[in-house]
Amino acid sequence: MAMSEKEVMVVGIDESEHSMYALEWTLDHFFAPFASNPPFKLFIVHAKPFASSVVGLAGPGAADVLPYVDTDLKKIAARVVENAKELCRSKLVNDAVIEVVEGDGRNVLCEAVEKHHASILVVGSHGYGAIKRAVLGSVSDYCAHHAHCSVMIVKRPKIKH
């Protein structure tokens, strides 16, 4: 790596509050304080699921539904990207690269790490318990075990009542 070349940070985002919190936390701690010279090159990656993986059904009529589901997924992706851009603008971070990649979040983020030669991957935590995490699968858990870089899982502080 050349002396002038910055290390790469990839932040995985989706439509959840947890992911936007992780992005905001990352911007606040690694980018905003350094203004025009942050220590990392930032790639923000959103995984847009395949419509067929969301529908998850076969049989008559399934193919008819896919275009509508795909349209909705594209709208969600556009909203996620716009929210990320707005958050970056509000923190005066202007050189982030935002990508939407179709596929499962676990694979998309690990592949983004490889593609960009990232030294750190940042993901949010949904705060699922052990059972829900086992059933749904955890993107952060998968990435922690499979990404070829350090993985930082940003958890939103619990509010005490």
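Everything numeric here is computed off the predicted structure, so don't read it as measured data.

**Q** What exactly am I supposed to notice about the overall build of the chain here?
**A** If you tally the helices and strands in the chain, you get 6 helices and 5 strands. Ordered by position from the N terminus, the helices and strands of the chain form the series β-α-β-α-α-β-α-β-α-α-β. Residues counted as buried form 37% of the 161 residues belonging to the chain. Across the chain, contacts joining residues at least 24 apart in sequence account for 76% of those joining residues at least 6 apart. As displayed, the chain offers around 9900 Å² of accessible surface, 56% of which is attributable to carbon and sulfur atoms.

**Q** Got a minute to help me understand the packing of helix H1 (residues 17-31) against helix H3 (residues 62-90) in this structure?
**A** Working note: a packed helix pair is described by the angle between its axes plus the distance between those axes. Packing of H1 against H3 leaves a shortest axis separation of 10 Å and a crossing angle of 25°. Classified by the angle their axes make, H1 and H3 are roughly parallel. The hand of the H1/H3 crossing is right-handed. Across the interface between the two elements, Met20, Leu23, Glu24 and Leu27 of H1 pack against Val80, Asn83, Ala84, Leu87 and Cys88 of H3. Across the contact of H1 with H3, the residue classes tally to 7 nonpolar, 1 polar and 1 charged.

**Q** Would you mind showing me how to read the pattern of salt bridges here?
**A** In a structure, side chains of opposite charge can pair up when their charged atoms sit close to one another. Under the definition given, this model contains 10 salt bridges. A salt bridge links Lys74 to Asp70; its shortest N-O distance comes to 3.2 Å. Of the two residues, Lys74 and Asp70 are both situated in helix H3; the distance of 4 residues between them amounts to about one turn of the helix. Of the residues examined, Lys74 reaches a relative accessible area of 49% and is grouped as partly exposed. Salt bridges here are not isolated pairs; linked through shared partners, they connect Lys48, Asp70, Lys74 and Glu102.

**Q** Help me understand the environment of Leu121 in this model?
**A** Secondary-structure assignment places Leu121 in strand E4 (residues 120-124). For the pair formed by Leu121 and Met152, sequence separation is 31 residues and the distance between their alpha carbons is 6.1 Å.

**Q** So what exactly am I meant to see when it comes to the environment of Asn107 here?
**A** Mapped onto the elements, Asn107 comes out in helix H4 (residues 105-116). Residue Asn107 is classed as partly exposed on the basis of its relative accessible area, which comes to 35%.

**Q** How do you make sense of the sheet that holds strand E3 (residues 97-102) when you look at a structure like this?
**A** Sheet strands associate in pairs through backbone hydrogen bonding, adopting either a parallel or an antiparallel arrangement. Taken in spatial order, the 5 strands make up an open sheet running E3-E2-E1-E4-E5, and their pairing is parallel. Two strands close off the open sheet at either side, each with one partner strand: E3 and strand E5 (150-154). Between one strand axis and the next, the sheet turns through 25° on average, direction left out of account. Across the sheet, H1 touches strand E1 (7-13), strand E2 (40-48), E4 and E5, and the angle it forms with E1 is around 155°. Across the sheet, H4 lies against E1, E2, E3 and E4, angled at about 150° from E2, the strand it touches most.

**Q** What's the story with the nonpolar core in this structure? I'm lost.
**A** A general tendency of soluble globular proteins is for nonpolar side chains to be buried together. One finds Met9, Ile13, Leu23, Leu27 and Leu42 to be the most contacted residues of the largest nonpolar core, which totals 20 residues. No other element matches H1, which puts 5 residues into this core. Sequence-distant contacts of Ile13, that is, excluding residues within four places in its chain, are made with Ser19, Met20, Leu23, Ile44, Val45, His46, Ala47, Val80 and Ala84. Counting residues in each nonpolar core, the second largest holds 16 residues, with Val10, Ala47, Val113 and Ala118 among its members.

**Q** Explain the packing of H4 against helix H6 (residues 139-146) here, please?
**A** For the pair H4 and H6, the least separation of the axes is 9 Å and the interaxial angle reads 35°. Crossing of H4 over H6 shows right-handed handedness. Taking contact as the criterion, the partners of Gly105, Arg106, Asn107, Leu109 and Cys110 in H4 are, on H6, Val139, Tyr142, Cys143 and His146. Residues belonging to the contact of H4 with H6 are distributed by class as follows: 5 nonpolar, 3 polar and 1 charged.

What counts, and at which threshold
- Residues numbered from 1 in each chain as written.
- Predicted model: local features only at pLDDT ≥ 70, side-chain atom pairs only at ≥ 80, totals over all residues.
- Heavy atoms only, no water.
- Helix = DSSP H or I, 4+ residues; strand = E, 2+ residues; numbered from the N terminus.
- Buried < 20%, exposed > 50% of the residue type's maximum accessible area, 1.4 Å probe, protein only.
- Contact = heavy atoms within 4.5 Å.
- Areas by Shrake-Rupley, 256 points an atom, 1.4 Å probe, with all protein chains shown as cover.
- Axes fitted to C-alpha atoms, helices over the stretch in contact; angles between N-to-C directions.
- Parallel < 35°, antiparallel > 145°, perpendicular 65-115°, else oblique.
- Left-handed = near helix turned anticlockwise from the far one by under 90°.
- Nonpolar A, V, L, I, M, F, W, Y, C, P; charged D, E, K, R; others polar.
- Salt bridge = Lys/Arg side-chain N within 4 Å of Asp/Glu carboxyl O.
- Pairing = 2+ DSSP bridges.
- Core = buried A, V, L, I, M, F, W, Y, C linked by side-chain atoms within 4.5 Å.

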